[in-house]
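Overview (structure and organization)
So the chains spell out like this:
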Amino acid sequence: WHRLSNDDSSGNNNNGGGPTVVVILLQSGRFAAAIFSIHSRNHTPKMLAHKTSTRYTVRKGQGGSQSQHDQSKSKAKSIGSQLRRDGERQLREDVRKTWKEWRDMGYVDRIALAYVSCPRAMRRDYLHGDDGDAHGGGGGLLGKGDDRWRNVPLDAGRPTLEATSAVFDCVMRCAVRDMTEDERMRMRTDSAVGEVPADENDCGEKDTDPENEKRAQEIDRVSEESAEEEEAPPFTPLHEAVAEGDLSRLLELLQLLDESEERTIDETPARNPSDDRTTTPSLGYDINTRGGSDHQTPLHLASSSTRPSAPSLVNALLLQGRADPCAEDARGRPPYFVASTDGAREAFRLARGALGEGHCRWDEDAKVGPALNDADVRAKKAKAAEKKRRQRARQKERKAEERADAERAAAEERKESARREEEEDARRVRDGLKPKKASGGASNACDFCQKVVRGKRRSQMFQRLEYAYCRTECVRRHQRELMAAAATARMG
C-alpha cells in the first residue's frame, strides 16, 4: 500500500504520472495485458494502455503447447507442428514488443505492482527476458526476482481485455465490516499467551478504550462510505429513453435539458463559464450522468445497443446533447469501446468529423477511429453497393451456367436413352420380336405376344436368353421361330 499511495507531486497524475499497476494474462496462445494509473484527477483508476494478441500455439485435440510436446517427445515434422512453433514465436514477439513500447512511454518505470496469470514454464521467455536479470533485460518486463510480481488470486478465464479489467477491479478493491460475536470469541481464544481473557459476561460489550472506540468509529464510517459507493446509481430518463430505443423521446429530453441549463445560467450570472458542466439543479441529472451497475452514461448505453436506432441515438447524444465521448464507465471503458455495431462506430466517426479535432482527445481518451464526413459515407455506401451488385451479377452468371449445364446434361441423357431404345428395338426385330413400344412400354409385358401379365413382376415371368414370357407356349414358339430363321440363313 505504501507503493500505491506514493503519489507524484508534479501534478501529472491525470496523464498517468503516478504509480501504475499492470495486469498480465497469458494462456493457450492468448495474451492480454493492461496498465492502469491508480491516481487521476477524479480519483478513479484509468487504463493507460492495453494489448491483446491471439496465436495458434496449442493443439486442439490433445492440448498442451507445441514446445512442451517437443521437449517431452521427439520433435514432430507435420505442417500443424510447424504452424504452432511459428505461432509461439509470433506470440513471444508480440509480448516483447508490448514491453518495449510501454518502457519507451515510461510506464514500466512507475510500476508498483504486476499481477500475472501465466504458466510457470512460460514466464522466463515472455515476462523475465532471456537473461532474467534483475531489471527485466533481454526483452522482459521485470526481473525474475523483482518483489513487485504478484500472482492473480483468482481464475480469470480466457485472456481478454475485459478479464484484465475484472482482475484489476478485484485486486484493487477491499471491503471493511464489523466482526461477529463468534469471530470475536475465536480471536480471544487464539490470542497470544499471557493475554488476560475477557469475562464471559462482557463478550457482547464494546471496548471502553478511547483509542479502540475511535478506531471502531472510523471503520464504521469507511464501511458506510464503501456501501454507498457499491450501490448502483439509478438510471436517468435519458438512460431509459436510450434503453428503449426511443429517439423522439430522447430528443425531447435533450431539448428539455438545454432549456433547463439556459434557465440555470440566467439565474446564476456569476457562474464561471470555464467550469465543467455540472448536474442541472432543476432536473437532477445531466447528459453525462452515470447509472447502472457499470456506472455508464447514456452514450455508453446507446453505443452498446443492438437496436436499429442505435446510430441515431449516438448521433443525437453527441451532436445535439454534446455528450462526452471520453467519459469512462466503472471498468475504464469509453463509449466507443463498447460499441456493438458498425453503424454505432460510424456514428462516432461522423461526430468526430462534425465536431472537429479540438472537441476532445479523440485518439487518446475517446479511442474513436479516424474522422468521417458525409462524402466518405456516401463513397463507402457506393463502394458497398457496387460490391453487392458485382456479387449478384456473379451469382446470376453462376446460376445461368449451372442451369445451362443441367439442360445439356438432360439433353445428353435423353439422347443416350433414345439410342439405347433404338438398339433394343433393333435387337428385338433381329430376334423376330415386335418393338417394345407396341406393348406400351410395360415392364411385365411378354416379349413375344406383347401381353401384359397382371399380378407378376418381370423377374417372376418365364425367362430365356434376355427375354421374359407370359407362358411356356410363347417360349417354345419363339424358340421355333429363331431356329427357322437360323436355318434359312444357313441355306442362303
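Residues numbered from 1 in each chain as written. Predicted model: local features only at pLDDT ≥ 70, side-chain atom pairs only at ≥ 80, totals over all residues. Heavy atoms only, no water.

1. Things to note about the packing of helix H10 (residues 310–320) against helix H11 (residues 342–355)
Running from N to C, H10 and H11 cross one another at 25 degrees; their axes reach a closest spacing of 8 Å. Regarding the angle of H10 to H11, the classification is roughly parallel. By crossing handedness, the relation of H10 to H11 is classed as right-handed. In this structure, H10 contributes Pro311, Val314, Asn315, Leu318 and Leu319 to the contact, and H11 contributes Gly343, Ala344, Ala347, Phe348, Ala351, Ala354 and Leu355. Among the residues making up the contact of H10 with H11, the classes are represented as 10 nonpolar, 2 polar and no charged. (Axes fitted to C-alpha atoms, helices over the stretch in contact; angles between N-to-C directions. Helix = DSSP H or I, 4+ residues; strand = E, 2+ residues; numbered from the N terminus. Parallel < 35°, antiparallel > 145°, perpendicular 65-115°, else oblique. Left-handed = near helix turned anticlockwise from the far one by under 90°. Contact = heavy atoms within 4.5 Å. Nonpolar A, V, L, I, M, F, W, Y, C, P; charged D, E, K, R; others polar.)

2. Quick notes on the confidence of the model for the chain
Looking at the chain, the pLDDT average stands at 80 and 77% of residues meet or exceed 70. Within the chain, helix H9 (residues 298–304) carries the highest mean pLDDT (93), whereas helix H6 (residues 210–230) carries the lowest (55). Overall, residues 7–16 carries pLDDT values under 50, and its contacts beyond four positions in sequence, including any with other chains, amount to 18 contacts. Segment residues 192–208 is flagged for pLDDT under 50; beyond a separation of four residues in sequence, or across chains, it makes 8 contacts in the model. (pLDDT = per-residue confidence, 0-100.)

3. Brief notes about a nonpolar patch on the surface
There is a patch of nonpolar side chains on the surface, built from Tyr56, Ile79 and Leu83 and spanning about 330 Å² of accessible area. You can see Leu83 is positioned in helix H2 (residues 79–104). (Patch = residues over 30% accessible without salt bridge, like charges linked within 9 Å, V, L, I, M, F, W, Y side chains within 5 Å. Areas by Shrake-Rupley, 256 points an atom, 1.4 Å probe, with all protein chains shown as cover. Salt bridge = Lys/Arg side-chain N within 4 Å of Asp/Glu carboxyl O.)

4. Notes on the nonpolar core
The biggest cluster of nonpolar side chains holds 28 residues, and the ones touching the most others in it are Leu238, Leu250 and Leu317. Of all elements in the fold, only helix H7 (237–244), helix H8 (247–267), H9, H10, H11 and helix H12 (362–366) reach the threshold of two or more residues within this core. For this core, the leading source of residues is H10, giving 5 residues. Ignoring sequence-local partners within four residues, the contact set of Leu250 consists of Leu238, Ala241, Val242, Leu313, Ala316 and Leu317. The next biggest cluster of nonpolar side chains, apart from the first, holds 24 residues, and it includes Ala33, Ala114, Cys118 and Trp149. (Core = buried A, V, L, I, M, F, W, Y, C linked by side-chain atoms within 4.5 Å. Buried < 20%, exposed > 50% of the residue type's maximum accessible area, 1.4 Å probe, protein only.)

5. What about the packing of aromatic side chains?
Tallying each qualifying case throughout the model produces 4 aromatic pairs. Arranged with centres 4.1 Å apart and planes meeting at 15 degrees, the rings of Phe36 and Phe168 form a pair that is stacked. A residue pair is termed long-range when its members are at least 10 positions apart, and Phe36 in strand E2 (residues 30–37) and Phe168 in helix H4 (residues 161–171) qualify at 132 residues. Residue classification places Phe36 among the buried positions, given a relative accessible area of 3%. Here Tyr336 and Phe348 contribute two aromatic rings whose centre-to-centre distance is 5.5 Å and whose plane-to-plane angle is 85 degrees, an arrangement assigned as edge-to-face. With Tyr336 in the loop between H10 and H11 and Phe348 in helix H11, the pair connects residues that are 12 residues apart, well separated along the chain. Taken together, the ring pairs connect Phe31, Trp99 and Trp102 into an aromatic cluster. (Phe/Tyr/Trp six-rings, centres within 6.5 Å; stacked < 30°, edge-to-face > 60°.)

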